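Structural overview for review
As a plain string of letters, each chain reads:
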Amino acid sequence: VDLYITNSQIAATTLIKRCGISAEKVRVIHNGLAEIPINIVPLARRPLNVLTVANLNPRKGYLEYLLAIEIILQQIPDVHFTFVGRDDMNGKVQSAIRERGLSERVSWVGFQQDVSFWMMSARLLVVPSLWNEGCPTAVIEAMSHGVPVVGYALDGLPELVNHEQDGLLVPVADRKNLSKAIIKLLRETEVANNMSASCLARVKKEFQLKRCVFRHQEVLRLLMKC
């Protein structure tokens, strides 16, 4: 293999440190979006919706996230949480939602080919994953819709989300601080609006498909010269 391309620095680090690949053979190129949404609805005009886009899988932390949601609802009882993604847990998450009496506040809508409708009506995207996150496209999609991101400071997530600029990142598995971060951005509209603007600017600058393609071209040209 002449060159490895990864879509996150954390993946590159894994290749170098755990697989013994020379750093000179590794390049990082983050994912890019083919289209950037237009006519973005300001956050203040959106319903009080909090979105999570990820398959229902143990590493995505949904069951643990429900505990944080209970804390949030004690302070903001009218917020709604939407889960979008394929069910890989045989109904465990849905059962937990019912058992905890959260059915009126938490909805699972299954896998969706196009998530733009939910992105456009969300105040926040929450990434409750507990391990193994490289460059989640859902985060970039949310930022392209002006949606601030809240999640754990896990693996590749800090590469996409600048803490206190594009969203808020908290220590991994710290449900208390996760709930505090969500409450903060739901209540402090000006802070959330500033983050929304930062998200839109960063996507246009760093996460467009044409930039991703251009960087691949650069790498291929480099290989041709070898």
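A quick note: this is a predicted structure, and the numbers were derived from the prediction, not measured. (Residues numbered from 1 in each chain as written. Predicted model: local features only at pLDDT ≥ 70, side-chain atom pairs only at ≥ 80, totals over all residues. Heavy atoms only, no water.)

Considering the packing of aromatic side chains
Basically, it comes down to this: Two aromatic rings from Phe, Tyr or Trp, using only the six-membered ring of Trp, form a pair when their centres are within 6.5 Å; if the ring planes differ by under 30 degrees the pair is stacked, by over 60 it is edge-to-face, and anything between is tilted. Helix numbers and strand numbers start at the N terminus; a helix is a DSSP run of H or I with at least 4 residues, a strand a run of E with at least 2. Only protein chains enter the accessibility calculation, which uses a 1.4 Å probe; a residue is then buried when its area is under 20% of its type maximum, exposed when over 50%, and partly exposed in between.
Tallying each qualifying case throughout the model produces 4 aromatic pairs. Here the aromatic rings of tyrosine 65 and phenylalanine 83 are separated by 5.9 Å at their centres, their planes lie at 35°, and the arrangement is tilted. Placement of the pair is tyrosine 65 in helix 2 (residues 62-75) and phenylalanine 83 in strand 4 (residues 80-84), with a sequence separation of 18 residues. Taken as a pair, tyrosine 65 and phenylalanine 83 share a single burial class, namely buried. Grouping aromatic residues by their ring pairs yields a cluster made of Tyr62, Tyr65, Phe81 and Phe83.

Description of the pattern of salt bridges
We count it as follows: Salt-bridge detection follows one rule: a side-chain nitrogen of Lys or Arg within 4 Å of a carboxyl oxygen of Asp or Glu.
The full count for this structure, using the stated rule, is 7 salt bridges. In this structure, aspartate 166 engages arginine 202 in a salt bridge whose closest nitrogen and oxygen atoms are separated by 2.8 Å. In this pair, aspartate 166 is assigned in the loop between helix 6 (157-160) and strand 8 (167-170) and arginine 202 in helix 8 (residues 189-206), connecting sequence segments 36 residues apart. Taken together, the shared-partner salt bridges in this structure form one network comprising Arg59, Lys60 and Glu133.

Focus: the side chain of threonine 6
This is how the line gets drawn: Contacts are assigned to residue pairs with any non-hydrogen atoms lying within 4.5 Å of each other.
Note that threonine 6 resides in strand 1 (residues 4-6). Owing to a relative accessible area of 8%, threonine 6 belongs among the buried residues under this scheme. Contact partners of threonine 6, with chain neighbours within four places excluded, come to Ala11, Ala12, Leu15, Val26, Arg27, Val28 and Ile29.

Regarding the layout of surface pockets
Note the threshold: In this analysis a 1.4 Å probe is tested at points of a 1 Å grid over the protein atoms alone, and where it fits but cannot get out there is a cavity; an open set with protein on both sides within 12 Å along at least five of seven lines is a pocket; lining residues have an atom within 4 Å of a point. Grid points are joined across faces, edges and corners, and a volume is the space filled by probe spheres set on the points. The classification used treats Ala, Val, Leu, Ile, Met, Phe, Trp, Tyr, Cys and Pro as nonpolar, Asp, Glu, Lys and Arg as charged, and all other residues, Gly among them, as polar.
Within this model, the largest pocket holds a volume of roughly 390 Å³. Residue lining of the largest pocket: 23 residues in total, with Val53, Ala54, Asn55, Ala138 and Glu141 positioned closest to the centre. Contributing elements (two or more residues each) for the lining of the largest pocket: strand 3 (49-53), strand 6 (124-127) and helix 5 (137-144). In terms of residue count, helix 5 provides more of the lining of the largest pocket than any other element does, 4 residues in total. Within this model, the second largest pocket holds a volume of roughly 250 Å³. Around the second largest pocket sit Leu33, Ala34, Glu35, Ile36, Pro37, Asp114, Val115, Ser116, Glu141, Ser144 and His145, which together line it. Across the lining of the second largest pocket, the residue classes tally to 5 nonpolar, 3 polar and 3 charged.

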